[in-house]
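Architecture at a glance
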Amino acid sequence: MTETLTNAPAASTAQSSTDVQMAEAAAIEVRTLTTHVEIKRVVVLVNPLSGSVGPRAAGEVETILADYSCESEVVSLDGSRIDAQIDEALASEPDVLFVLAGDGTARAVASRAGPKGPLVAPLPGGTMNMLPKALYGTTDWKAALRSALEDGAPQCVSGGMVQGEAFYCAAILGSPALWAPAREAMRTGKLSLAWAYGRRALRRAFSGRLRFSLDGAPRKKTEALVLISPMISRALDEPVGLEAAAMDPSDTSQAFRLAATALFSDWRKDASVTTKPARSIEVWGRSKIPAVIDGEPTLLPHETRITFIPRAFQALAPNPPAAEDSV
């Protein structure tokens, strides 16, 4: 009887220790990776200086990746070495290369990976985030990261090429390119800023019309030319080309009406808009052509050629992509 009483506390302590270990194991339960593609190794490029990233992002990425049974490497980008770091990441041959950085960096990684490179997952870490929103439907990079890891599948993304730069969502050429900031301001509720951008666009409208040719057809004139990738175009179901939309208002009042249509409804219904898919587009202007390429303003040469890329790169995204910014 005495021996039984002496050993009872030890048995109770052992059972308590086992319960604690089981509770700890449950707390760190590994989350399930997507079944659509094998993921053994992941590399994440993080730029802490990008608009919506921040200095703690690399550590937060590591914490999230610890929930998954795959090898992972998180690389903080250094401004002076970004190009080299992208090359090193691609050379390491990960199954998936995530990019938590600005829109330009995401486009650079996707362009270098190409259709034969690793899967690329551009997370929303920039300002416009057009490509991430099209793929994942969110501006929350943590939600996009988990969505890609748990539900992602290989998605072929098509796009365009202009002046050696790839784009995957849309390019706006001509003075109405200045309406893009107004549209974004309106969508985020910044009405006074949208009005200021709209007034600037009207002042610069009709400063020089464009001439363009689609797939070698005779030249036509237009006020603006919008080129939209199949991924976000509401008019294209298959990647047969870029949707080329010629916007040709005849006067300022029509320009204002078209701008309002673009802000509030389907601009294709406007009588001054014509659309057609095209694989090779040539554009001429009297001077440098104002443009917005995947949300980034730029100036193009007065003679510019844009080509369609049927298979630009392979993304890791839910199937079908969210197409949050479809137009």
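Quick summary incoming for the structure in this document. (Residues numbered from 1 in each chain as written. Predicted model: local features only at pLDDT ≥ 70, side-chain atom pairs only at ≥ 80, totals over all residues. Heavy atoms only, no water.)

**So, the pairing of strand β2 (residues 71-76)**
Note: strand β1 (residues 41-46) against β2, 6 bridges, orientation parallel. Paired with Leu45 across the strands is Val75, a residue of β2. For the crossover that starts at β1, traverses helix α2 (residues 57-65) and ends in the parallel β2, the hand is right-handed. (Pairing = 2+ DSSP bridges. Helix = DSSP H or I, 4+ residues; strand = E, 2+ residues; numbered from the N terminus. Right-handed = clockwise from strand over helix to strand, strands pointing away.)

**Here we look at the side chain of Ser147**
Here Ser147 lies in helix α6 (residues 141-151). If we skip the residues at most four places from it in the chain, Ser147 touches Gly152 and Pro318. (Contact = heavy atoms within 4.5 Å.)

**What to know about empty space enclosed by the protein**
Applying the stated criterion across every chain, the model contains 1 cavity of 30 Å³ or more. A volume near 50 Å³ is recorded for the largest cavity. As for the largest cavity, its lining consists of Asp103, Ala106, Arg107, Met130, Leu131, Pro132 and Asp294. Of the residues belonging to the lining of the largest cavity, the class tally is 4 nonpolar, no polar and 3 charged. (1 Å grid on protein atoms, 1.4 Å probe; cavity = no way out; pocket = protein on both sides within 12 Å on 5 of 7 lines; lining within 4 Å. Points joined across faces, edges and corners; volume = space filled by probe spheres on them. Nonpolar A, V, L, I, M, F, W, Y, C, P; charged D, E, K, R; others polar.)

**Concerning helix α3 (residues 82-91)**
Every buried residue of α3 is accounted for by Ile82, Gln85, Ile86, Ala89 and Leu90. Each buried residue of α3 lies within a common arc of 135 degrees when the element is viewed along its axis, so the set occupies one face. On the buried face of α3, the contacting elements are β1, β2, β3 (96-101) and α4 (103-113). Two residues or fewer after α3 comes Glu93, characterised by a positive phi angle close to 55 degrees. (Buried < 20%, exposed > 50% of the residue type's maximum accessible area, 1.4 Å probe, protein only. Arc of directions from axis to C-beta.)

**Topic: the nonpolar core**
Of all hydrophobic cores here, the largest spans 63 residues; its most connected members are Leu45, Phe98 and Phe313. Ignoring anything within four residues of it in the chain, the contact list for Phe98 reads Val42, Val43, Val44, Leu45, Ala121, Leu123, Leu145, Ala148, Leu149 and Leu316. One finds Leu210, Leu214, Leu227 and Val283 within the second-largest nonpolar core, a separate group that totals 21 residues. (Core = buried A, V, L, I, M, F, W, Y, C linked by side-chain atoms within 4.5 Å.)

**Some points on the sheet that holds strand β12 (residues 273-278)**
Sheet strands line up and pair through hydrogen bonds in the backbone, either parallel or antiparallel. With antiparallel pairing, the 6 strands of this open sheet are ordered in space as β12-β11-β10-β7-β14-β15. Whereas interior strands pair on both sides, the edge strands pair on one side only; in this sheet they are β12 and β15 (296-300). In this sheet, adjacent strand axes meet at a mean angle of 20 degrees when their direction is disregarded. By the bridge criterion, 3 bridges tie strand β7 (residues 170-174) to strand β14 (residues 289-293) in an arrangement that is antiparallel. When the sheet's bridge partners are listed, Leu173 is paired in β14 with Ala291. (Axes fitted to C-alpha atoms, helices over the stretch in contact; angles between N-to-C directions.)

By themselves, these observations are geometric and do not establish any function.
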